[in-house]
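Single-letter residue listing:
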Amino acid sequence: MAGTEQELLIRTAGCGELTEKDASEGREVVLTGWVHRRRDLGQLIFIEMRDATGRLQVVFDPSLHPDAHAAAESLRAEYVIGVAGTVVMREAPNPDHPTGMIELRGQSVTVHNRADNLPIQVADQQEANEEQRLKHRYIDLRRPRLQHALRTRHRLATAAREVLDEHRFVEIETPMLTRSTPEGARDYLVPSRVHPGKFYALPQSPQLFKQLLMIAGFERYYQFARCFRDEDLRADRQPEFTQIDIEMSFVTPQQIYDLIEPLIVRMFEAIDVQIARPFPRMAHAEAVDRFGIDRPDTRFGMELRDVGAAAESTGFRVFDEPLADPGGAVRGIVVDGAGGASRKQLDTWNGWAREAGARGLLWIKSAGGKIGSSALKVLGEERCRDILRALGGGDGDAALIVAADRSLCNQVLGQLRVRIARERDRIPEGAWNLLWVEQFPLFEHDDEAGRYVAIHHPFTAPNWDEVSRLETSPGDVRSQAYDLVLNGTEIGGGSIRIHRRDVQDRVFEALGIGAEEAEEKFGFLLRALDSGAPPHGGIALGFDRICAMLAGTDSIREVIAFPKTTSASCLMTESPAEVDAQQLTELGLKTLESRGKKGD
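Attention in this report is confined to the structure presented alongside it. Everything numeric here is computed off the predicted structure, so don't read it as measured data.

**Here's the deal with the sheet that holds strand β2 (residues 44–51)**
Then, in step 1: Reading around the circumference, β1-β2-β3-β5-β4 is the order of the five strands in this closed barrel, with mixed pairing throughout. Across the sheet, the mean angle from the axis of one strand to that of its neighbour is 55°, orientation sign disregarded.
Then, in step 2: Relative to strand β3 (residues 54–60), β2 runs antiparallel, the two being bridged by seven bridges. Residue pairing for β3: R50 is matched across the bridge by R55.

This is how it looks when you write it as structure tokens:
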């Protein structure tokens, strides 16, 4: 049996690959990996050994192999070892563990490397604080949960590539150094040494390049694209992220759906989940009206409704003022079974409504036929019952009502329904609700800037039969855009693109982008559109978000090998960091701090 350090470097099996068949045959193997746990039970020493395939118990018995037992006495957690031994059945099996019926009887062991600096305990069930985890990410990544998450990510990527390859897509890389086109989030800028005073930008998306690839005649392109956005971060945002970027020529939205749906189905199959297609579809206006948001979670009810008819002519100023305004509304949701909600609970919901932007929340509840309301004295019992019924509620339920500008009502109630559903466990476990949201407006008015801005991006095609409205009523023009929503999270967005120069010019004009500015920023695209651009469209799927959801984690940091913090820093490499003054000089740059020191 192998026993030297060099011999114990050559693995003949994986810890998680061995089975009862190997034990019945008395198979002799060499395992390599890490000490996950160590237990010393009197004479016997038990090591739980871990490698990329799984974990296996190794037992060292001094009566059988005294030298191996003596060597095992020095082993500690996370030592890197090689072990030779015989696979046998366990005397005390653990049927809940994948390899819990067998163990390895250790005959020889060598330490390839010690682990003397362990700020994080890999086998510890207690979660280390996030700062420590990110600072020592190379240790954190050894933990089985993160190993599982990143291996799930790999399976999902493989599944997506298989589908795209079956549909004759070509994987093409687009540039990482391009020009700044600050129409969305802030760009990450890269100074050029050979062109002093000029800058590249890291791509926020490959949008223009994939359109150019369609003009170049490739017809079907995809890329697992790295994208960069200098924006405020949340649990589902990172300064650098990955999207599955897809573009097709001679395509309609229906053909995009017919491609993406089987791709998503295949990704779910990679985690042994079956989902049905076709996915439901909903117009943007309906989504906002029913759920208060354009990425609705449809796993539960509690939908928004108007109660203007039941609330009018009450003499109640809170209702009368918004109803007198053309843009005002009185809207609400019903929390079924909450008729007995305590005042403390109702105050909590009112606080949530205020956090979402409301001045306050009016409530009506009914329990045992008795009506209670925060406006009972003003409205009276019968009017309160009418409003509760108008919202679809009855005895035993509670109604939560917001009276304000319609968009604010939607915003507040849309957030409230999700928070209450989570609080009251109304979201079915294991449910996966996919939804296409379509028929978005092309523009929205930015009151602060005093102009229209693109809801998606300025290259999104309007409905072709509404192009004539671009000059007269741009706010009424609908786009050929579509989003894919999973359980209330947007996991993809795309559109049919503008393929004609004259239409693109008119959209730029509606956005307040003049001919000179358009030429400066997008001249290369405009010239390309003039050279025979085919009708085309596509979508970008948020790969990190999809991986996080399918791996069962709330944060995309758990499915990214080396993520940044919420302040866009890497604790492990301590970046961003200052650079040598000589490097700045070569780039013709000075920091504000250095300028101040010199009195500039």
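**A short note on the packing of helix α5 (residues 144–166) against helix α7 (residues 253–269)**
Then, in step 1: Direction vectors running N to C along α5 and α7 enclose 145°, while the axes themselves pass 8 Å from each other. In this structure, α5 meets α7 at a crossing whose hand is right-handed. Between α5 and α7, the residues in contact are L156, A159, A160, E162, V163, L164 and E166 and L259, P262, L263, R266 and M267, respectively.

**Structural notes on the packing of helix α6 (residues 207–215) against helix α15 (residues 515–529)**
Then, in step 1: Running from amino to carboxyl end, α6 crosses α15 at an angle of 25°, the nearest separation of the two axes being 10 Å. Relative to α15, the element α6 lies roughly parallel. The interaxial crossing formed by α6 with α15 has left-handed handedness. For the pair α6 and α15, the contacting residues are L208, L212 and I215 in the first and F522, F524, L525, A528 and L529 in the second.
Then, in step 2: Classifying every residue of the contact of α6 with α15 gives eight nonpolar, no polar and no charged.

**Considerations on a nonpolar patch on the surface**
Then, in step 1: Side chains of M176, L177 and Y200 sit close together on the surface and give an oily, nonpolar patch of about 250 Å² of accessible area.
Then, in step 2: For M176, the position within the fold is in the loop between β6 (170–171) and β7 (189–191).

**Considerations on helix α12 (residues 376–390)**
Then, in step 1: For α12, which comprises 15 residues, the first-to-last C-alpha distance of 17 Å sits more than 12% below the rise-based estimate of 21 Å (1.5 Å per residue).
Then, in step 2: For α12, the principal kink sits at E382 and spans about 70°.
Then, in step 3: Of all the positions in α12, only L379, C384, I387 and L388 are classed as buried.
Then, in step 4: Close packing links the buried residues of α12 with α9 (308–311), α10 (317–324), β14 (362–367), β15 (370–373) and β16 (398–405).

Rules used throughout
- Residues numbered from 1 in each chain as written.
- Predicted model: local features only at pLDDT ≥ 70, side-chain atom pairs only at ≥ 80, totals over all residues.
- Heavy atoms only, no water.
- Pairing = 2+ DSSP bridges.
- Helix = DSSP H or I, 4+ residues; strand = E, 2+ residues; numbered from the N terminus.
- Axes fitted to C-alpha atoms, helices over the stretch in contact; angles between N-to-C directions.
- Left-handed = near helix turned anticlockwise from the far one by under 90°.
- Contact = heavy atoms within 4.5 Å.
- Parallel < 35°, antiparallel > 145°, perpendicular 65-115°, else oblique.
- Nonpolar A, V, L, I, M, F, W, Y, C, P; charged D, E, K, R; others polar.
- Patch = residues over 30% accessible without salt bridge, like charges linked within 9 Å, V, L, I, M, F, W, Y side chains within 5 Å.
- Areas by Shrake-Rupley, 256 points an atom, 1.4 Å probe, with all protein chains shown as cover.
- Salt bridge = Lys/Arg side-chain N within 4 Å of Asp/Glu carboxyl O.
- Expected span 1.5 Å × (residues − 1).
- Bend = angle between axes of the 7 residues up to and from the residue.
- Buried < 20%, exposed > 50% of the residue type's maximum accessible area, 1.4 Å probe, protein only.

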